[in-house]
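Observations on the three-dimensional arrangement
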Amino acid sequence: QAHLVESGGGLVQAGGSLRLSCRASGSIFSINDMGWYRQAPGKQRELVAAITSGGSTNYADSVKGRFTISRDNAKNTVYLQMNSLKPEDTAVYYCNAECDTVVAGNKYYWGQGTQVTVSS
């Protein structure tokens with residue numbers, strides 16, 4: 001099994017920045033794709049950004065040019081640098097990772113979520 005723990009959320013004014021981190025732990029052989037999703041009240045969960053094990057990235061159109069996803073494979077950690085934040089970025093942000101583990105084989109895992117609130 002793998003466990004994902006996010007950190008870095010909080011309250012920020014519009015135009016500000018936050019950096020989210022998500023570390024995977026457990027009996028992990030390897031981690032393939034990692035990503036960040038978000039869910040605002042009354043809305044469906046949506047992909048924000050994703051990164052492959054080789055470093056290729058993909059972003060939602062709404063965050064292109066403002067958010068940057070990166071990863072540190074040695075630390076099993078993925079980051080989301082969020083700049084020029086807008087009130088519409090307010091949501092619970094979830095980390096997702098495809099982990100190959102000793103016990104469960106290859107599976108997708110979710111973190112518990114971290115709240116990001118952007119005030120206008």
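In this text the structure is predicted, and so the values were computed from the model without any measurement.

With that settled, consider the state of the cysteines. Applying the stated criterion across every chain yields a total of 1 disulfide. For Cys22, the disulfide goes to Cys95, at an S-S distance of 2.1 Å. Taking the sign of the S-S torsion, about -80° here, the bridge from Cys22 to Cys95 comes out left-handed. Taken together, the residues span a long stretch of sequence, with Cys22 in strand E3 (residues 18–26) and Cys95 in strand E9 (residues 91–101) at a distance of 73 residues. Take Cys22 and Cys95: they sit in the same class, and that class is buried.

To continue, consider the pairing of strand E7 (residues 67–72). The side-chain alternation of E7 yields one buried face, formed by Phe67, Ile69 and Arg71, and one unburied face, formed by Thr68, Ser70 and Asp72. Relative to strand E8 (residues 77–82), E7 runs antiparallel, the two sharing 6 bridges. Counterpart to Arg71 in the pairing with E8 is Val78. Here E7 hands over to E8 after 4 residues, with Asn76 in that stretch at a positive phi of 50°.

So, about the packing of aromatic side chains. Tallying each qualifying case throughout the model produces 2 aromatic pairs. Seen from their ring centres, Tyr37 and Trp110 are 5.0 Å apart, and the 65° between their planes marks the pair as edge-to-face. On the criterion of sequence distance, the pair formed by Tyr37 in strand E4 (residues 28–39) and Trp110 in strand E10 (residues 105–110) is long-range, its members being 73 residues apart. On the accessibility criterion, Tyr37 (24% relative accessible area) is partly exposed.

Criteria and cut-off values
- Residues numbered from 1 in each chain as written.
- Predicted model: local features only at pLDDT ≥ 70, side-chain atom pairs only at ≥ 80, totals over all residues.
- Heavy atoms only, no water.
- Disulfide = S-S within 2.5 Å.
- Helix = DSSP H or I, 4+ residues; strand = E, 2+ residues; numbered from the N terminus.
- Buried < 20%, exposed > 50% of the residue type's maximum accessible area, 1.4 Å probe, protein only.
- Pairing = 2+ DSSP bridges.
- Phe/Tyr/Trp six-rings, centres within 6.5 Å; stacked < 30°, edge-to-face > 60°.

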